[in-house]
Structure formats: structure tokens, C-alpha cells
Amino acid sequence: MHHRHGPAARRIVLRALELTEQHHDEPLREAQARAIIAVLSDAMLATLREMAMDPDKIPETAASRRFRLFFEKRGRIEGKVEGKVEGKQEALLAVLTARGLPPTNQERLQIASCSSGAELDRWIARAATAASTREVFAPAPSRPARRSSAATRSRTSDREPRARKATRPQKPAR
């Protein structure tokens, strides 16, 4: 490789280094990488150094591309969720201000720290009709506990007689 150069030589060197990285034995892997680098020309070493400094010039393997795309997609999804929350926070502040209910600094902090879209939706709905910001941020009323279906059945049986299941007359055995 000492006398070869150009794109074909770079591809060969990069493929050799890529295959070396897949080796499970670390000391052998390092020795093999040193052996490959030892036979390279100064120009090829300079090219590799330049590529190492500029990640955009490093060829991407299929596995690393899938890995990168997975995290980019995840980042876009998280960004959309954060953007929706920020939009709801701004909408709540706009509704409160438009209704003449300016939030206190404490309430502004409460809005800014809320990351629940559902909670922000509840506050926005309340802000549309509330007489004060205290009403907007009041905790949601707790719901009474539901009775179990067995308790409901026993109450129902006290009030109404249960309908009997219709049975067919049995045919005599032959």
C-alpha cells in the first residue's frame, strides 16, 4: 500500500481497518491495526488523519447509519413533544393575559416547569372561564371511589328480583 494512493486505496485501507475493529481479541486487534498503519504512505496517513478530524468524511457503515438514524428519529420525536408542550405553555399564558388574569411569578414557574400536555390542557380549559388564576391551578377534584361490581349486584338484587334463566324442557331418554 506504500506506493498506492487515491480513492481505491483509501477504500481498501478503511475496509481493512473496519474488519480489524470487528476482531474480538483486543491485543490482536491493536497489533493488526498498527501493522496496517505501518505500511501506509505519509500521504495516506495524512488523509486518514484529516478524515478522523472531519467526521463528515468518514465513510459510514450500514450498522452505524442505522444507529445514527435511530437516534436522530428519537431526537425529532422528543423535539416535537417538547415543542407541543412549549406551545401549550405559551397558549395558557396568552389566555390568562387576554382574560386580565396575569399569573404571578410563582404561577409562571409552575407553567414553565409543567411537562404534561394533559395538565396544560386542563389549565387552558379552566383559564377560559376561571374568575382567578387560583381557580386555574387548583388541584383537580378527587373522584369518589367506584363500588365494585359485586357490591352493585348485591344492591340491585335487594331492589329487583333476578330474572331466572330460561331452560328448555328435557327430552325423555330412549
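Since this is a predicted model, take the numbers as computed values, not measurements.

Colleague: What exactly am I supposed to notice about the pattern of salt bridges here?
Modeller: A side chain of one charge can pair with a side chain of the opposite charge when the charged atoms of the two come close. By the definition in use, this model includes 3 salt bridges. With its nearest N and O atoms 2.6 Å apart, the salt bridge here joins Glu119 to Arg122. On the criterion of helical spacing, the pair formed by Glu119 and Arg122 is a turn pair, its members being 3 residues apart in helix H6 (residues 117–127).

Colleague: Would you take a moment to explain the nonpolar core for this structure?
Modeller: General note: in soluble globular proteins, nonpolar side chains tend to be found buried as a group. Counting 12 residues, the largest nonpolar core consists of Val85, Leu92, Leu96, Leu101, Ile111, Cys114, Leu120, Trp123, Ala127, Ala130, Val136 and Phe137. Mapped by element, the contributors of at least two residues to this core are helix H4 (62–98), H6 and helix H7 (133–137). Beyond its immediate chain neighbours, meaning those up to four positions away, Leu101 contacts Leu96, Ala130, Ala131, Ser132 and Thr133. One finds Val13, Leu40, Met44 and Leu45 within the second-largest nonpolar core, a separate group that totals 6 residues.

Colleague: Can you walk me through a positive patch on the surface in this structure?
Modeller: There is a patch of like positive charges on the surface, built from Lys73, Arg76, Lys80 and Lys84. With respect to the helices, strands and loops of the structure, Lys84 is situated in helix H4. When its relative accessible area of 60% is taken as the criterion, Lys84 is described as exposed.

Colleague: Please clarify how the packing of helix H1 (residues 7–21) against helix H2 (residues 26–38) should be interpreted in this entry.
Modeller: Each pair of packed helices can be summarised by the angle the axes make with each other and by the distance between the axes. Where H1 contacts H2, the two axes come as close as 9 Å, and the packing angle between them is 170°. Taken as axis vectors, H1 and H2 run roughly antiparallel relative to one another. Contact residues: H1 offers Ala16, Leu17, Thr20 and Glu21, while H2 offers Arg29, Gln32, Ala33 and Ile36. For the contact of H1 with H2, a count of residues per class yields 4 nonpolar, 2 polar and 2 charged.

Rules behind the numbers
Residues numbered from 1 in each chain as written. Predicted model: local features only at pLDDT ≥ 70, side-chain atom pairs only at ≥ 80, totals over all residues. Heavy atoms only, no water. Salt bridge = Lys/Arg side-chain N within 4 Å of Asp/Glu carboxyl O. Helix = DSSP H or I, 4+ residues; strand = E, 2+ residues; numbered from the N terminus. Core = buried A, V, L, I, M, F, W, Y, C linked by side-chain atoms within 4.5 Å. Buried < 20%, exposed > 50% of the residue type's maximum accessible area, 1.4 Å probe, protein only. Contact = heavy atoms within 4.5 Å. Patch = residues over 30% accessible without salt bridge, like charges linked within 9 Å, V, L, I, M, F, W, Y side chains within 5 Å. Areas by Shrake-Rupley, 256 points an atom, 1.4 Å probe, with all protein chains shown as cover. Lys, Arg positive; Asp, Glu negative; His and termini not counted. Charge placed at Lys NZ, Arg CZ, Asp CG, Glu CD. Axes fitted to C-alpha atoms, helices over the stretch in contact; angles between N-to-C directions. Parallel < 35°, antiparallel > 145°, perpendicular 65-115°, else oblique. Nonpolar A, V, L, I, M, F, W, Y, C, P; charged D, E, K, R; others polar.

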